[in-house]
Amino acid sequence: MTPDISLLRVFHAVMEERNVTAAAQRLGQSQSTVSAALARLREALGDELFLRARYGVEPTERALEIAPDIAAGLERLEQAFRAAEPFDPERTTRKFRLLLGPYVEIVLVPELASAFARQAPNATLEVAPIGPDLDPRQLAGRAFDLAAGRFHTPPDDLVVSELFRDGFRCLVAPDALPDGAALDRETYEALPHVVVTPPGKWRTGVHKRTEATGLRRNAVISVSHFLSAPQAVARLGGIATVPSRVAAMTAGPYGLRNEPVPADLGTFPSQIAWHPSLRRDAGHVWLRRLIAGIVADLGFEG
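Residues numbered from 1 in each chain as written. Predicted model: local features only at pLDDT ≥ 70, side-chain atom pairs only at ≥ 80, totals over all residues. Heavy atoms only, no water.

Visitor: What am I meant to see in the overall build of the protein chain here?
Guide: What the protein chain contains, in helices and strands, is eleven helices and twelve strands. Projecting the C-alpha coordinates of the protein chain onto the three principal axes gives extents of approximately 75 × 45 × 35 Å. Of the accessible surface of the protein chain, which amounts to about 15600 Å², a share of 49% is contributed by carbon and sulfur atoms. Within the protein chain, one finds 34 positive and 36 negative side-chain charges whose respective centroids are separated by 1 Å. (Helix = DSSP H or I, 4+ residues; strand = E, 2+ residues; numbered from the N terminus. Areas by Shrake-Rupley, 256 points an atom, 1.4 Å probe, with all protein chains shown as cover. Lys, Arg positive; Asp, Glu negative; His and termini not counted. Charge placed at Lys NZ, Arg CZ, Asp CG, Glu CD.)

Visitor: What is the right way to read the packing of aromatic side chains from this model?
Guide: Note on aromatic pairs: each is described by the distance of the centres and the angle between the planes. Inspection of every chain in the model, using the stated rule, returns ten aromatic pairs. Look at Phe11 and Phe50: their rings are 5.5 Å apart centre to centre, the planes differ by 50 degrees, and that puts the pair in the tilted class. Taken as a pair, Phe11 in helix α1 (residues 5–17) and Phe50 in strand β1 (residues 50–53) lie far apart in primary sequence, 39 residues in all. In terms of burial, Phe11 and Phe50 fall into one category: buried. (Phe/Tyr/Trp six-rings, centres within 6.5 Å; stacked < 30°, edge-to-face > 60°. Buried < 20%, exposed > 50% of the residue type's maximum accessible area, 1.4 Å probe, protein only.)

Visitor: What is the right way to read the environment of Pro129 from this model?
Guide: Counting through the fold element by element, Pro129 comes out in strand β4 (residues 124–129). A sequence separation of 18 residues divides Pro129 from Ala147, and the C-alpha atoms of the two residues are 9.2 Å apart. Ignoring sequence-local partners within four residues, the contact set of Pro129 consists of Leu99 and Leu100. (Contact = heavy atoms within 4.5 Å.)

Visitor: Explain the pairing of β1 here, please?
Guide: Residues in a regular strand point their side chains to alternate faces of the sheet. Bridge count between β1 and strand β2 (residues 56–59): four bridges; the pairing is antiparallel. Looking across to β2, one finds that Leu51 is bridged to Glu58. From the end of β1 to the start of β2, which pair antiparallel, there are two residues. (Pairing = 2+ DSSP bridges.)

Visitor: Whenever I open this one, the side chain of Ser244 confuses me. Can you help?
Guide: Position of Ser244 relative to the elements: it lies in helix α10 (residues 244–250). At 3.3 Å, the side chain of Ser244 and the backbone nitrogen of Phe168 are in polar contact. Other than its neighbours up to four places away in sequence, Ser244 contacts Asp166, Gly167, Phe168 and Arg169. (Polar contact = N/O pair within 3.5 Å; in protein donor to acceptor, adjacent residues only side chain to side chain.)

Visitor: How should I be thinking about helix α5 (residues 102–119) in this particular structure?
Guide: In this model, α5 (18 residues) spans 25 Å end to end at C-alpha, consistent with the 26 Å of a helix rising 1.5 Å per residue. Of all the bends in α5, the greatest reaches close to 40 degrees and is centred on Leu108; the proline Pro110 follows between one and four positions later. Buried within α5 are the following residues: Pro102, Tyr103, Val104, Ile106, Val107, Leu108, Leu112, Ala115 and Phe116. (Expected span 1.5 Å × (residues − 1). Bend = angle between axes of the 7 residues up to and from the residue.)

Dropping the structure here:
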């Protein structure tokens, strides 16, 4: 089969969307055009490629096998065209796709959205969750521009650096402490605790730190996202130990007290990772500088 770029773009869109209608909308084509392209690909490759599923389509083993190479090839072509002309944030229509951990998403996305609106109004920002662990293939294949979060064991074939550090604070229901009283160790250990356990190996970080200091948590509720904790604390009349930035962002809106942890739990890092092939990509350089500027403005450590 002689490669046809338009057919490969259709394959890539259907692979990512897992839905022919959504792929057609993404490509700006009719559904019949996309279906016809898939028929040509099936005939040329001798495989069904995509099978009907309840909410769209599912790729066959053959489709899964060739998908990374097609994605990488299309990205290399796009990169070559981008390199041939200067990057202008005000005019670019490029889609920037980021893999973010739950905490980094809370911290960065509001500021990134504002910065994109001001500096790159025609660009698209798309955020997806990292999941339990960072898969380097997602960055090597250029499916995503970069990842940011806490990486237990950063892959060796990516550029990985520390983005910032944060510490811990306590969100405390206002009625859980007498007026003017500070949060002491005895009260901390007695109050019902909302425990945040987001996906990833770093979810045990707070547990290990409190255990190391002998600080006990009276855990009664476990949630998977930091933004679930403030509401739960308010309703429960209890406490949660969260990153300092999360406490600063949520204590006021939910009427909670933002108190220091009655033990030194230290700090934890958030990291950024990207593939070295994008080192000189002008759009990627702009994105990295934008994120670095946001972090500096937020006043993080590191």
